[in-house]
Amino acid sequence: MQKIKSLMTRQGLKSPPESLSDLGAIESLRVPGKEEFRELREQPTDPQAEQELINSIEEVYFSTDSFDIVKYELEKLPPVLNLQELEEYRDKLKQQQAAVSKKVADLILEKQPAYVKELERVTSLQTGLQLAAVICTNGRRHLNIAKEGFTQASLGLLANQRKRQLLIGLLKSLRTIKTLQRTDVRLSEMLEEEDYPGAIQLCLECQKAASTFKHYSCISELNSKLQDTLEQIEEQLDVALSKICKNFDINHYTKVQQAYRLLGKTQTAMDQLHMHFTQAIHNTVFQVVLGYVELCSGNTDTKFQKLQYKDLCTHVTPDSYIPCLADLCKALWEVMLSYYRTMEWHEKHDNEDTTSASEGSNMGTEETNFDRGYIKKKLEHGLTRIWQDVQLKVKTYLLGTDLSIFKYDDFIFVLDIISRLMQVGEEFCGSKSEVLQESIRKQSVNYFKNYHRTRLDELRMFLENETWELCPVKSNFSILQLHEFKFMEQSRSPSVSPSKQPASTSSKTVTLFEQYCSDGNPFEIQANHKDEETEDVLASNGYESDEQEKSAYQEYDSDSDVPEELKRDYVDEQTGDAPVKSVSRETLKSRKKSDYSLNKVNAPILTNTTLNVIRLVGKYMQMMNILKPIAFDVIHFMSQLFDYYLYAIYTFFGRNDSLESTGLGLSSSRLRTTLNRIQESLIDMEVSADPTATLTAAEERKEKVPSPHLSHLVVLTSGDTLYGLAERVVATESLVFLAEQFEFLQPHLDAVMPAVKKPFLQQFYSQTVSTASELRKPIYWIVAGKAIDYEQMLLLMANVKWDVKEIMSQHNIYVDALLKEFEQFNRRLNEVSKRVRIPLPVSNILWEHCIRLANRTIVEGYANVKKCSNEGRALMQLDFQQFLMKLEKLTDIRPIPDKEFVETYIKAYYLTENDMERWIKEHREYSTKQLTNLVNVCLGSHINKKARQKLLAAIDDIDRPKR
């Protein structure tokens, strides 16, 4: 197509669009006529052939306008012309020309409608231009008429009106400038009124107005003055912000925040606020400590003001240490409370802003949300930062003085203040106060080690001077009545004595910050606080009132109901189970002689030393309750108090090497293990320090206590007093009572003990506390072994002739002698019970021991018999049945201990050879001597020598592992 256009140009033709740009050439443009088009159309057409002809045209024909076709063709002619070749070449050119002409004709016909349309548009445009020329001519004519119609006066009026308008605008500007000049006075008044938002709003409006009139020379000076005023407002605003740190005021803080919001510096305000809080903590603690130091030094020497806070804390005197610590915590509380209320303010206003933003437009919402998120993160991060600063300041104060110089109550008070501060910190930011805990824990453990060592030495002194007399307390005595345990009942408050602080309080929804948000302070101390309640635990003469004393001794001979107290006395205190036999009114009447607790009020049995140990436990628990991180150390020391008391009771009243030789298992393996552990870990068995001992050994000895010695005033060798039975009862039962109190405290100890250390507590209770009642058996066994003359009974039995030929109807004299011994034992028990109440488990154990020893003595007497007939064995049965019948009238013990032990031994005489061999193997509770004698006595009656040798060999096989 481009080649055709080029050829059209060379032939003087233009395409319709190009020709339209020259209106003058429109008439001269030659358009092929209808005849020419017809001729071109009538020629045979072969599109492919025509296109080949066009393509065969040389490229040079399509070159620039300067190309001369004729010259080009003439130059191509050969030197020797050939007419036929020329004609052929001429025909070819004509064919090419015809093809191009036909192609051009086709293109013209194709563009003919567009050409006609464009030509019509040009004609219309020419008509429009002619009309516009007519309008312009008419307008000029009318303007000339108007110019000639107006006068000079009319134009003057218009000029004056314009000038008036300009002067009115100038007057308004001058008035505004005058108002701006007087703005500084109003700004000063608003700053004095602390109306910071209003002052900033006014200043910003003035700046905006000043920028409007900046073309006046006087405004430039005013603009700089307003900028200075705005900077001054920001400085005063920063001072106002710093006041929030010590005394938060909602209205004041709201104004400050509104002012910073107008300035667009809410994030800067939050950064400044945290800096002020940090500075407030430092200044507050320094001023509090400085005030006490200057007060105690008696002068206001400026040298203290130049000291660092760490050095200043070392100048606090012991007398002013606790009040200073309390004031220090009170001041820090005010700072943390202000921060807490600041966070509350932001949470409340963030919710309000969110609500208003959802109801209003969304303009600036993204920026506001960003600022709100920044402030929230900054405040949350500031919680931990401020609490860390508080901890460091208090830790520095604590390290400034050695706490070991304080008495226990003062030390407990210091711990209570610190504990309350840690509670504040936990509520403040959820922190566990690691800095304070570690600091106070080290000092507390060191203090408590020394304190505990002193208390152990005091306990040894008390035990060695204890006469084991009953300390009369009321029947309703409870350790919670002691001052040292008041903290387990009353609400915890630092304004009262530390001894009143409870171990665990019911869960409260109100935090300290909520409780003291508007008024008060958790560190307030009431001066010279006195406990209004007094201890009322002691009873006069062992009775709580005269009426109780009368009722204790009255006889229950009437048919009235038996008091519940007596019924409770007949419940086994060891197992909590009722006796085997049912208890009726008649039975109770008959048992008055053997129940040695009827003539005393059923009050706990304890001594002054026991009471002192309980009070010590209460003090230890106070410290543990106040400072739970040292709970394990405190419980360990508490266990040592119990261990030492138990070991002392055993050493004084239960140690007897001959006990275990009886084979009765009086001391359980658990009890022996406990005693060995106490002796190895707590008791210093060396009389004097070995100079060659290693340093480690010396340190270990410091942790131990010398073994206590029984007071020489305590006599345990007199038969009239049943070998110190009263003292033994008071000592043993006081230990049982102490164990019961430890059992009562176990839930509380378990609650404060760290989880990783709870196995120690469980082991202490299962292996030590629970063994306290087991000491009854070895201690009362010693009394039982001496109260009855068993040797005399053996001598009497040796004089009896057992190889009688007739069945006797009268028992032997040794039975009466033994029963007289038991009657005398019963009378002595009654005498002892007048001094001290003998609980039913104790009397049962005493009777059980005595009866068991008597029965074993009877078997031993029977084992000494050289000859015995069947009638003699029947006499043995008669004697034992007589003994049992009379004994059952003296005691309520059922069944009689070791009754089967005697009867089985007597009946074994009648066994055959095979039965006796089996019997010997099954009954290993008898000694080798007793079994051997049984076989020897049976020889000749129904056992021959061969059988005797066989049975003796069986006995030897049984005895061999024992050797």
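Right above here is the structure, for reference.
Residues numbered from 1 in each chain as written. Predicted model: local features only at pLDDT ≥ 70, side-chain atom pairs only at ≥ 80, totals over all residues. Heavy atoms only, no water.

> Can you help me understand the pattern of salt bridges in this one?
When the charged atoms of two side chains with opposite charge come close together, those side chains can pair. Overall, the coordinates contain 28 salt bridges when judged by the stated rule. Between E848 and R852 there is a salt bridge, and its shortest N-O distance comes to 3.0 Å. In this pair, E848 and R852 are both assigned in helix α31 (residues 840-863), four residues apart and thus about one turn of the helix distant. Close ionic contact of R852 with D898 constitutes a salt bridge, the shortest N to O distance being 3.2 Å. Linking R852 in helix α31 with D898 in the loop between α32 (870-890) and α33 (899-907), this pair joins segments that are 46 residues apart in sequence. D898 matches R852 in its accessibility class, with the two residues each being buried. (Salt bridge = Lys/Arg side-chain N within 4 Å of Asp/Glu carboxyl O. Helix = DSSP H or I, 4+ residues; strand = E, 2+ residues; numbered from the N terminus. Buried < 20%, exposed > 50% of the residue type's maximum accessible area, 1.4 Å probe, protein only.)

> Explain the packing of aromatic side chains to me, please; I cannot follow it from the model alone.
Each aromatic ring pair is summarised here by two numbers: the centre-to-centre distance and the angle between the ring planes. Summed over the entire model, instances satisfying the criterion amount to 37 aromatic pairs. With 4.5 Å between their ring centres and 70° between their planes, F448 and Y620 make a pair best called edge-to-face. With a gap of 172 residues between them, F448 in helix α17 (residues 434-465) and Y620 in helix α22 (residues 608-626) connect regions that are remote in the sequence. Residue F448 is classed as buried on the basis of its relative accessible area of 1%. With a centroid separation of 6.3 Å and 35° between ring planes, the pair formed by F880 and F883 is classed as tilted. Of the two residues, F880 and F883 are both situated in helix α32; the distance of three residues between them amounts to about one turn of the helix. The exposure class assigned to F880 is buried, which follows from its relative accessible area of 1%. (Phe/Tyr/Trp six-rings, centres within 6.5 Å; stacked < 30°, edge-to-face > 60°.)

> What is the right way to read the packing of α22 against helix α26 (residues 725-752) from this model?
How two helices sit against one another is set out by the angle between their axes and by the gap between those axes. Interhelical geometry of α22 versus α26 gives an angle of 5° and a closest axis separation of 11 Å. In this view, α22 runs roughly parallel relative to α26, as classed from their interaxial angle. For the pair α22 and α26, contact is made by T610, V613, I614, V617, M621, M624 and N625 and by S734, F737, L738, Q741, F742, L745, H748, L749 and V752, respectively. Here the residues of the contact of α22 with α26 sort into eleven nonpolar, five polar and no charged. (Axes fitted to C-alpha atoms, helices over the stretch in contact; angles between N-to-C directions. Parallel < 35°, antiparallel > 145°, perpendicular 65-115°, else oblique. Contact = heavy atoms within 4.5 Å. Nonpolar A, V, L, I, M, F, W, Y, C, P; charged D, E, K, R; others polar.)

> In this structure, what is going on with helix α30 (residues 813-833)? I would like to understand it.
It helps to recall that an α-helix has 3.6 residues per turn; residues three or four apart then point in one direction. With 21 residues, α30 should cover 30 Å at 1.5 Å per step; its first-to-last C-alpha distance of 31 Å lies within 8% of that length. Y814, V815, L818, L819, F822, F825, N826, R828, L829, V832 and S833 are the residues of α30 that are buried. In this fold, the buried residues of α30 make contact with α26, α28 (776-787), α29 (790-798), α31 and α32. (Expected span 1.5 Å × (residues − 1).)

> Where do I start with the nonpolar core in this structure?
As a rule of thumb, nonpolar side chains are buried together in soluble globular proteins. Counting 225 residues, the largest nonpolar core has F822 and F883 as its most contacted members. The element that contributes the greatest number of residues to this core is helix α14 (residues 318-359), accounting for 17 residues. Among all residues touching F822, those that are not within four sequence positions of it are I788, W847, C850, I851, A854, F883, L887 and L890. One finds I54, A99, V100 and V104 within the second-largest nonpolar core, a separate group that totals eight residues. (Core = buried A, V, L, I, M, F, W, Y, C linked by side-chain atoms within 4.5 Å.)

Structural measurements only, silent on function.
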